[in-house]
Amino acid sequence: MLGTRQTGWLESVYQNDSKGAPHTLKLFDHSVASLDACQKENYEVSMSLLSGDPLTQLAFSVYENRGVYALLIGSGLSRAADIPTGWEITLDLVRRVAAAQGVEEQDDWQAWYQETTGKDPNYSELVGELGLSRDERRSILHSYIEPDDDDREEGRKLPTRAHHAIARLVREGYIRVIITTNFDRLLENALREQGIEPTVVASVDALQGAEPLTHTSCYLLKLHGDYKDARILNTDEELTEYPPEYDGLLDRIIDEHGLIVCGWSGEWDHALRASILRAPARRYPLFWATRGGKLGDGAQEITDHRHARIIPIDDADSFFTGLEQRVETLARTHRQNPISVDLLVNAAKRYLAKQEHRIQLDELFTTETRNLIEKIEAAGLAPQGHFSADEFQRRITLYESFTEPLARMAGVLGRWGDGSEFSLVGDVIKCLCAHADREGAGLNVWLEIRTYPAVLVFTGYGLGLVRAGRWRELHRLFSLPVNKRHDPETMRAVQRLFLWAWEGGNNDYWKHLEGLEKRKTALSDHLCDLFAAWSKSFVGVLPDFERLYESWEILGSLTHLERAEKDELNKALVEEPRNGWIWCPVGRSGWHSEVRRGILEEFLNYATKVEILEAGFAKGDEEFLQKAVENYLRLASRMEW
């Protein structure tokens, strides 16, 4: 059910203070002395809750500060892909040089080199002694990084779980800026698999022609270059200082972003270490993920200077997949503060009650519609990416969380409106459809469910109309002309947004929601449960919400049949007395025969029948209504069978 919370670490994250702000946000306020007594108490509780779980602390900060954190990743991230670290490449170069000189294989090449030269092997000195040019050094790296056929077959030198987790965090908008000292292209490949084309800066020339940092969804700064570019930086001299253009960019990134460091030792990249140490501001925290929680002298200097939070990890794969899972869970369970939703609903009631407040009512809906669209855009609900049951659940939960205020407010207008509000709700529905239709490329299911917010507002308003018995406005709602996707022509709302007529209403999609795996009418059942909770603010005291909901569905099904001519409908029923029908979407009332029977008896008694015919249902034709009901019952009998 929407809004339920998981227990354990997530429950601790959602403890709220008197202002509704999660306590955990105070973990990053280092000015504890400035807090009042109540806030200090909350701070202390938060510290005790998360003191042993820095990964959850980081996940909460990443979730609540979308796009604020930049990643700084080094060679340790690619180690799981069997791409060697700089130290391993150095030892292998020692082995190869020694072999060329006729030296026998050694158990410990580091010890051999120390014994032979009196010092530790150093990559910079090795390539310097060999007198290699930049192009020659690039060729050496190419052999260590580029996968051959055997590597591909065995899964080596390909993006790891960590790379894929980072790519998904970028896709959802949580990470926008990545700094890396790696030469490989594993991260670029993982990003492109998620449909993301990063802005890659691997040289000063590329920086000068790159899309501005603020205008890109993913900015990848490859500080030491790309292994296919001869201008890579990998000697001590080259790493001592960066070009001024790089220094300026780093100063800006480090000043304006929090940092998450993983796989970087902090030992050899002197210019990068200097950039972090000279950063004037500490607007956001620095988190450093390291194996076993141990740091070298260079890294320790940075963490001491920045008061960084150390996160002990087993490896980069488990760190980034764990971070992604926690952020995803926070997103899935996120729900607007119920108090703020109720305030919006109550404001709609107050403005609706007096004619002189209709301007404020219009502004309320306009503002909330804009807020909804902004939230959708910020949530990273792009139509690219692979399908999974978890991802479907995540997206549906976010759409519902964002749309709840507007759908409930629409229900208020349906219940207590006087008809003057109809164009306002209609404009909201059309606006949400138009926003959804802006995206034309991607996975079909993600494209199709982009109109789910419009479905929710359409349903909320419709249920309010049914509760009030406002049949004329209800028929107008079903008949509301909305654009077809990528088509200048229009279609009725009941043909685009109602049950299985809605392109996102495929039952196989909705069976992926928990508890709906075996349902014949998964979408219908889910909407019934959802609005049973949402509609309390406008339905009032009602002994049987299912009857109200299924009345809405039955009238929608009958309206959908109005696209057929009476002769066409009659022919389908007469020529095949048992199996003939014209298709229309039938919801849970198709199998819920006990409730269905009572609803149809009510609609077909003389008084109500006259009302719904006068409202425009069944084209105002009693004979058409009888045929439409017969058609509906045949479809329902098939569902029951």
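Predicted model only: the values in this text are computed from it and were never measured. (Residues numbered from 1 in each chain as written. Predicted model: local features only at pLDDT ≥ 70, side-chain atom pairs only at ≥ 80, totals over all residues. Heavy atoms only, no water.)

What follows is about the side chain of E550. With respect to the element layout, E550 can be found in helix α28 (residues 545-560). The residues touching E550, leaving out its near neighbours within four places in the chain, are R588, S589, H592, V595, R596 and I599. (Helix = DSSP H or I, 4+ residues; strand = E, 2+ residues; numbered from the N terminus. Contact = heavy atoms within 4.5 Å.)

Right, let's talk about the pairing of strand β2 (residues 175-180) for a bit. Of all six residues making up β2, five are buried, and the element is well covered by its neighbours. As defined by bridge partners, strand β1 (residues 69-73) adjoins β2 across five bridges and the pair is classed as parallel. Residue pairing for β2: L71 is matched across the bridge by I178. Here β2 pairs with strand β4 (residues 219-222) via four bridges, running parallel. Bridge assignment links V177 to a residue of β4, and that residue is Y219. (Buried < 20%, exposed > 50% of the residue type's maximum accessible area, 1.4 Å probe, protein only. Pairing = 2+ DSSP bridges.)

As enumerated under the stated definition, the model contains 23 aromatic pairs in all. Relative to Y174, the ring of Y63 lies with its centre 6.1 Å away and its plane at 40°, an arrangement referred to as tilted. Note that Y63 is positioned in helix α3 (residues 54-64) and Y174 in the loop between α9 (161-171) and β2, a separation of 111 residues in sequence. Like Y174, Y63 is buried. Following the ring pairs from residue to residue traces out a cluster consisting of F387, F392, W446, Y452, W502, Y509 and W510. Seen from the ring of Y174, R66 lies directly overhead, with NZ or CZ sitting 4.1 Å from the centre. Above the face of the W446 ring, R395 is positioned so that its terminal group lies 4.3 Å from the ring centre. (Phe/Tyr/Trp six-rings, centres within 6.5 Å; stacked < 30°, edge-to-face > 60°. Lys NZ or Arg CZ within 6 Å of the ring centre and 35° of its normal.)

The buried count for strand β5 (residues 258-262) comes to five of five residues, which makes it a mostly enclosed element. Neither face of β5 is exposed, since G258, I260 and C262 on one face and L259 and V261 on the opposite face are all buried. As paired elements, β1 and β5 share five bridges and run parallel to each other. Residue pairing across strands places A70 opposite L259, the latter belonging to β5. Sheet topology places β5 next to strand β6 (residues 286-291); four bridges connect them, and they run parallel. Residue pairing in the sheet places C262 in a bridge with A289 of β6.

Attention now moves to the pattern of salt bridges. The final tally for this structure, using the stated rule, is 35 salt bridges. In this structure, E391 engages R395 in a salt bridge whose closest nitrogen and oxygen atoms are separated by 2.7 Å. Linking E391 with R395, this pair stays in helix α19 (residues 389-416), spanning four residues, or about one helical turn. Like R395, E391 is buried. E404 is paired through a salt bridge with R408; the nearest N and O atoms lie 3.1 Å apart. With E404 and R408 both in helix α19 and four residues apart, the pair spans about one turn of that helix. Per residue, the accessibility class of E404 equals that of R408, and both read buried. Taken together, the salt bridges that share partners define one network made up of R171, E172, E391, R394 and R395. (Salt bridge = Lys/Arg side-chain N within 4 Å of Asp/Glu carboxyl O.)

Attention now goes to unusual backbone geometry. Within the chain, H307 stands out as a residue other than glycine whose phi angle is a positive 50°. One can find H307 in the loop between α15 (297-306) and β7 (309-313). Even without being glycine, A618 reaches a positive phi, approximately 55°. As for its placement among the helices and strands, A618 is situated in the loop between α31 (606-614) and α32 (622-640).

One open sheet accounts for seven strands, arranged β3-β4-β2-β1-β5-β6-β7; its pairing is parallel. Each having just a single partner strand, β3 (199-201) and β7 make up the two edges of the open sheet. Between one strand and the next, the sheet's axes are offset by a mean angle of 20°, whatever the strand orientation. In this fold helix α10 (residues 186-193) packs onto β1, β2, β3 and β4, with an angle of close to 165° to the strand it touches most, β4. (Axes fitted to C-alpha atoms, helices over the stretch in contact; angles between N-to-C directions.)

Here we come to the state of the cysteines. Considering all chains together, one arrives at zero disulfides under this definition. No disulfide involves C431; its sulfur sits 9.4 Å from the nearest other cysteine sulfur, which is in C433. (Disulfide = S-S within 2.5 Å.)

Take E188: it is sitting in helix α10. Ignoring anything within four residues of it in the chain, the contact list for E188 reads P198, V200, L220, K222 and D226.

Let's shift gears to the nonpolar core. Core analysis: the largest hydrophobic core is formed by 141 residues, its most contacted members being I178, F319, F320, I429, Y452, W510 and W552. Broken down by element, this core gets its largest block of residues, 11 residues, from α19. Dropping the residues within four chain positions of it, W552 is found in contact with F458, T459, G462, L463, V466, L474, L477, F478 and F498. Judged by nonpolar contacts, the second largest core, of 28 residues, contains L72, V177, I254 and W288. (Core = buried A, V, L, I, M, F, W, Y, C linked by side-chain atoms within 4.5 Å.)

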